[in-house]
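What follows is each chain in one-letter form.
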Amino acid sequence: MAVLKIKFTKTKRDKLAQILWILNWISVVSGVILFSLGLFLKIEIRKRSDLMAKGDINSVPNMLISVGVMACIINFLGGKICYDCTDFEKFNRWRLVMLPYIVCTFCFTFCILVGAVMCYTMRNELEESLYLGLRDAVKFYKDTDIPGRCFLKRTIDMLQIRFQCCGNNGFRDWFEVQWVSARYLDMASRDVLDRLKSNVDGKFLVDGVPFSCCNPISPRPCIQYHLTNSSAHYNYDFMTEELNVWMKGCREALLDYYTDIMRSIGITVFIIWLFELSVLTGVRYLQTAMKNVLLSGDPHCDSDGWLLENSFVETAKYNINIIKNLGKANQISTVSGMNDPNMDVQTASRGPENVPTKSIPKA
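**Considering the environment of Leu277**
Working step 1: The residue Leu277 is located in helix H8 (residues 250-296) in this model.
Working step 2: For Leu277, a relative accessible area of 34% puts it in the partly exposed group.
Working step 3: Considered as a pair, Leu277 and Phe110 are 167 residues apart in the sequence and their alpha carbons are 9.0 Å apart.

Printed below as a string of structure tokens:
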């Protein structure tokens, strides 16, 4: 029994074809939107790729760009097919293309859904990439004289100012690395030498942060150094007073920024998926209705359209049997030579037949 069967008159079929023609052109525009969203996300990720570890974080934008291109091509073809469905003679040219076109549209619509889901599942991969990338960037902040790292100081400073953050997880990350280059340390200073000797790795560690961590909203002048030493500053208590540096880590700030972008993109892609699903449903009805018109031979007769010719269970069993039969046919074709008793059998050579045998002489 057909699933969701609907009867179509000639007028209804023509109206359905015209509506689908318009919807396919709208779908071309939606394909451009998908392509633009993927390109925008790719550019936003590339802007801060220096602060991210190398990984598969470009899978989502690449998926959206590919699906957008597919949407433009498939829906452009679908618009032409639906437009020709209003003319019975022109439809004959597409009758063999309709079913493969629907299969391709179904696969591409499924890819849109996958892209929407990936927008929400990308957060964990992005968080790990940001954690590793920012950890190395903070570590190499001082390397302004080393090629390939000289730009990191400016990148980190602009990041902390732009996103109002400090460090990777927080401002204490700067306490664990030497972020002042050795060329700016006074080696004649006893304090500098004591700090270098007190560290097992010979690093100059201080309880201070770069200037870009300072919060300009704070009424007090920025305290960059001796943040944990309450006696080093007048009227200052590290444990009770709110610090005038940014408290949020840059990993959290960037993760929130990209999460908001991907959430908005995911909602847009999901809406486009619903729209493409409605177009696919309409095309399926049009294809089955026109198929029944071809079977009847009368272009003006009423015809039935449906989503599935049989029930879901019967359709699933039918497809599973096809797959099983293909597997069995492949096994038979490869194994049949091994089971053939006439293969690789050596026969004794015989002479010409009807030759009288010689008598054995008696002793």
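**Things to note about the side chain of Lys42**
Working step 1: Topologically, Lys42 is positioned in helix H1 (residues 10-47).
Working step 2: What makes Lys42 buried here is its relative accessible area of 18%.
Working step 3: A distance of 2.8 Å separates a polar atom in the side chain of Lys42 from a polar atom in the side chain of Asn62.
Working step 4: The residues touching Lys42, leaving out its near neighbours within four places in the chain, are Asn58, Pro61, Asn62 and Ile65.

**Remarks on a nonpolar patch on the surface**
Working step 1: Nonpolar side chains collect at one region of the surface, where Trp21, Ile22, Trp25, Ile26, Phe76 and Tyr83 lie side by side and expose about 610 Å² of accessible area between them.
Working step 2: At the level of secondary structure, the elements contributing two or more residues to the nonpolar patch comprise H1 and helix H2 (59-84).
Working step 3: The greatest single-element share of the nonpolar patch, amounting to four residues, is contributed by H1.
Working step 4: By the secondary structure assignment, Ile26 is in helix H1.
Working step 5: For Ile26, a relative accessible area of 42% translates into the label partly exposed.

**Examining the nonpolar core**
As a rule of thumb, nonpolar side chains are buried together in soluble globular proteins.
Working step 1: Trp174 and Val209 are the most contacted members of the largest nonpolar core, which totals 81 residues.
Working step 2: For this core, the elements supplying multiple residues, two or more each, are H1, H2, helix H4 (98-121), helix H5 (123-139), helix H6 (152-163), helix H7 (190-198) and H8.
Working step 3: Element by element, the count of residues in this core is highest for H8, at 18 residues.
Working step 4: The contact partners of Val209, leaving out residues within four places of it in the chain, are Cys166, Phe171, Trp174, Phe175, Trp179, Gln224, Leu227 and Val245.

**Looking at the packing of H6 against H8**
Working step 1: Put simply, H6 and H8 touch, their axes get as near as 10 Å, and they point 65° apart. For the pair H6 and H8, the crossing hand works out as left-handed. Facing Leu159, Gln160, Arg162 and Phe163 of H6, the residues of H8 in contact are Cys250, Ala253, Leu254 and Tyr257.
Working step 2: The residue makeup of the contact of H6 with H8, split by class, is six nonpolar, one polar and one charged.

**Some points on the packing of aromatic side chains**
Working step 1: One pass over the full model with this rule turns up eleven aromatic pairs.
Working step 2: On the numbers, 6.1 Å between centres and 55° between planes, the contact of Phe8 with Tyr285 is tilted. A residue pair is termed long-range when its members are at least 10 positions apart, and Phe8 in strand E1 (residues 6-8) and Tyr285 in helix H8 qualify at 277 residues.
Working step 3: Given the relative accessible area of 11%, Tyr285 is considered buried.
Working step 4: Above the face of the Phe140 ring, Arg149 is positioned so that its terminal group lies 3.8 Å from the ring centre.
Working step 5: Above the ring of Phe163, the side-chain terminus of Arg162 is found at 4.6 Å from the ring centroid.

Calculation notes
- Residues numbered from 1 in each chain as written.
- Predicted model: local features only at pLDDT ≥ 70, side-chain atom pairs only at ≥ 80, totals over all residues.
- Heavy atoms only, no water.
- Helix = DSSP H or I, 4+ residues; strand = E, 2+ residues; numbered from the N terminus.
- Buried < 20%, exposed > 50% of the residue type's maximum accessible area, 1.4 Å probe, protein only.
- Polar contact = N/O pair within 3.5 Å; in protein donor to acceptor, adjacent residues only side chain to side chain.
- Contact = heavy atoms within 4.5 Å.
- Patch = residues over 30% accessible without salt bridge, like charges linked within 9 Å, V, L, I, M, F, W, Y side chains within 5 Å.
- Areas by Shrake-Rupley, 256 points an atom, 1.4 Å probe, with all protein chains shown as cover.
- Salt bridge = Lys/Arg side-chain N within 4 Å of Asp/Glu carboxyl O.
- Core = buried A, V, L, I, M, F, W, Y, C linked by side-chain atoms within 4.5 Å.
- Axes fitted to C-alpha atoms, helices over the stretch in contact; angles between N-to-C directions.
- Left-handed = near helix turned anticlockwise from the far one by under 90°.
- Nonpolar A, V, L, I, M, F, W, Y, C, P; charged D, E, K, R; others polar.
- Phe/Tyr/Trp six-rings, centres within 6.5 Å; stacked < 30°, edge-to-face > 60°.
- Lys NZ or Arg CZ within 6 Å of the ring centre and 35° of its normal.

So, to be careful, I would describe these as geometric facts and stop short of saying anything about function.
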